[in-house]
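Residue strings, one per chain:
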Amino acid sequence: MENVIIIGSGPAAHTAAIYCGRADLKPLMFEGMMAGGVASGGQLTTTTEIENYPGFPEGIDGSALMLRMKKQSLNCGTTIQTSTINKVDLSVNPFKVFSGKQSFTTHSIIIATGATARRLNIPGEDKLWQKGISACAVCDGALPFFRNKTLVVIGGGDTAVEEALHLTKFASVVKVVVRRDVLRASKAMQDKFFRNKKIEVLWNTNVIKTIGDNSLENLEIKNNQTGKESIIEASGLFYAVGHTPNTDFLEKQIKTDKSGYIITKPGSTVTNIPGVFACGDVQDSKYRQAITAAGSGCMAALEVEKFLNETN
Ligand code: FAD
Ligand code: NAP
């Protein structure tokens, strides 16, 4: 019987593991095996330089940062299994957690399975991923090779608007490709967006091909009303077409919002099931940063410790 099982392996999971380990809870972590299509270590393993995680003034490679976090979790007494949890039974405490044919029982669970940025699988995308194509303008927009260039954002929601506004600080022009003739983004965000002279919107348009040898150079686009195809210059392409929280394995046993994000009590990591806590991007559709994920991982561990003290 475990005190606490941590599911996930991003900054939220490892911060929770460090705190639980130091509290002598002997945490058991399932770090996943290409869970949600992402390597153990989470979303940061899919990028290069991280420049906004405190403590690394020269920046640090995403995978290197996650390896350091894993080492710290192990040093603090975490047991890590490289497998994916595909089922849980939360109907009664102790809870059951399943990985293939193996099952484990535990008094508490921290869910830190993150979210996966949606990709569009446009021809050429795989070859140019992270060579001009990214799913995070806040993370990558300031990189030197995007400066004073034409940058393109796909999407019409709040993220697309926010990312386009952010990119105007670096780009010469930001073109936003919207598949309909309206934005989904909130009115307040739209007001700022339409006032910005660097932003140009391509309505009723889809990107149908990404072009470039070693880095992105052009995009082939198609107006879905007229059928007209054309090529535009683009040094950067940023997807803002939504994220999918990794919550399928919970089979609706925990309350989520309509997009699948776990609902936590405001200001905490408490879910609707006592003893089950959620931290990081799996419960955060707003900030979605490594440092906010880590912060909520710390909160989850402290809340687990309190829960175990009160119930055992
Ligand atoms: P994640 O990092 O999403 O990790 C969760 C991981 O848990 C999954 O990836 C998977 O490996 C594992 N998992 C999932 N399901 C299961 C399961 N059922 N069983 C076991 N394991 C499972 N943020 C910044 O602050 N700075 C940046 O520069 C930055 N750059 C980014 C660049 C890119 C390309 C992307 C996509 C994101 C970037 N972010 C950046 C955002 C940052 O990566 C996320 O906010 C952060 O990683 C979220 O951490 P997390 O702990 O919630 O989970
Ligand atoms: P979202 O609201 O789901 O918007 C996704 C956008 O991508 C939509 O415009 C959608 O088009 C478009 N899209 C989806 N699939 C596409 C495809 N295959 N091709 C082209 N376009 C595609 O996602 P989000 O913008 O990431 O926002 C998620 C949540 O976070 C929202 O609740 C949002 O309000 C919130 N958020 C808030 C803030 C803030 O308050 N500052 C900032 C960011 C996010 P359609 O409109 O045609 O469906």
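Position labels on residues start from 1 in each chain and follow its written sequence. Chains carry letters and ligands carry numbers; both start at the beginning, A for chains and 1 for ligands, and go up in the order they are written. Under the rules for a predicted model, residues below a pLDDT of 70 receive no local features and side-chain atom pairs below 80 are neither given nor counted, while totals for whole chains, interfaces and linings still include all residues. Note: side-chain values were computed over all heavy atoms of the structure, leaving out hydrogens and water.

### Some remarks on the domain arrangement of the protein chain
To keep it simple, the criterion reads: These domain boundaries are the output of an automatic or database domain assignment. Contacts are residue-level and defined by heavy atoms, with any inter-residue pair within 4.5 Å sufficient. Accessible area that two parts lose when put together, with a 1.4 Å probe and added across both, is what the buried area reports. A pair is scored as a salt bridge if a Lys or Arg side-chain nitrogen falls within 4 Å of a carboxyl oxygen belonging to Asp or Glu. Basically, the charged four are Asp, Glu, Lys and Arg, the nonpolar ten are Ala, Val, Leu, Ile, Met, Phe, Trp, Tyr, Cys and Pro, and anything else, Gly included, counts as polar.
Here the protein chain is described as being made up of domain 1 (5–116 + 243–311) and domain 2 (119–239). Each of domain 1 and domain 2 has a C-alpha centre, and these two points are 31 Å apart. Contacts between domain 1 and domain 2 engage six residues on the former and six residues on the latter. Carbon and sulfur atoms supply 36% of the area buried between domain 1 and domain 2, which totals about 540 Å² over both sides. Where domain 1 meets domain 2, there are zero salt bridges. Split into classes, the residues belonging to the side of domain 1 that touches domain 2 amount to no nonpolar, four polar and two charged.

### Some details on a positive patch on the surface
We apply this condition: Each patch is built from residues that are more than 30% exposed by relative accessible area and take part in no salt bridge. Like charges join if they lie within 9 Å; nonpolar side chains (Val, Leu, Ile, Met, Phe, Trp, Tyr) join within 5 Å. Only the protein chains shown count as cover for residues, and all accessible areas are computed by the Shrake-Rupley method using a 1.4 Å probe. The charge count treats Lys and Arg as positive and Asp and Glu as negative. His and the chain ends do not count. Charge coordinates come from a single atom per side chain, which is NZ of Lys, CZ of Arg, CG of Asp or CD of Glu. Here a strand is any run of E in DSSP of at least two residues, a helix any run of H or I of at least four, and the numbering for each starts at the N terminus.
Residues Arg179, Arg180, Arg184 and Lys258 make up a contiguous surface patch of positive charge. With respect to the helices, strands and loops of the structure, Arg180 is situated in the loop between β12 (173–177) and α6 (187–195).

### Overview of the site of ligand 2
Stated formally: Proximity criterion: a residue is near a molecule or strand once any of its heavy atoms comes within 4 Å of it. Between N or O atoms, a polar contact is any pair within 3.5 Å; within protein, one atom must be a potential hydrogen donor and the other a potential acceptor, and residues adjacent in sequence are included only when both atoms are from side chains.
Among the 16 residues in the neighbourhood of ligand 2, the closest are listed as Asp158, Thr159, Glu162, Arg180 and Arg184. Gly156 places a main-chain nitrogen or oxygen 2.9 Å from an oxygen atom of ligand 2. With the chains in place, 72% of the 910 Å² that ligand 2 exposes on its own is no longer accessible. Among the elements that take part in the shell around ligand 2, helix α5 (residues 158–167) stands out by supplying three residues, more than any other.

### Re the sheet that holds strand β10 (residues 133–134)
For clarity, the threshold we go by: Any two strands with at least two DSSP bridges between them are considered paired. Convention adopted: a line fitted to C-alpha atoms gives each axis, helices being fitted over their contacting stretch, and angles between N-to-C directions are expressed from 0 to 180 degrees.
Strand order in the open sheet formed by five strands is β10-β17-β11-β12-β13, and the pairing between neighbours is parallel. The outermost strands of the open sheet, each flanked by one partner alone, are β10 and β13 (199–202). As defined by bridge partners, strand β11 (residues 150–154) adjoins strand β17 (residues 236–239) across four bridges and the pair is classed as parallel. Each residue of the ladder has a partner; that of Val153, found in β17, is Phe238. Of the strands in this sheet, β11, β12, β13 and β17 are in contact with α5, which crosses β11 at around 170 degrees.

### What about helix α1 (residues 11–22)?
Selection rule: Expected helix span is given by 1.5 Å per residue-to-residue step, counting one fewer step than there are residues. Burial classification: accessible surface area is computed with a 1.4 Å probe over protein chains only, and a residue below 20% of its type maximum counts as buried, one above 50% as exposed, and the rest as partly exposed.
Compared with an ideal rise of 1.5 Å per residue, which puts twelve residues at 16 Å, α1 spans 17 Å between its outermost C-alpha atoms and is within 8% of the ideal. The buried fraction of α1 amounts to ten of the twelve residues, a majority that puts the element mostly inside the structure. Where α1 is concerned, the buried positions are Pro11, Ala12, Ala13, His14, Thr15, Ala16, Ala17, Ile18, Cys20 and Gly21. Turning to α1, the residues buried within the fold contact β1 (2–7), β2 (28–30), α2 (62–75), β5 (79–81), β8 (102–111) and α7 (290–311). Asp24 sits one or two residues past α1 and shows a positive phi near 65 degrees.

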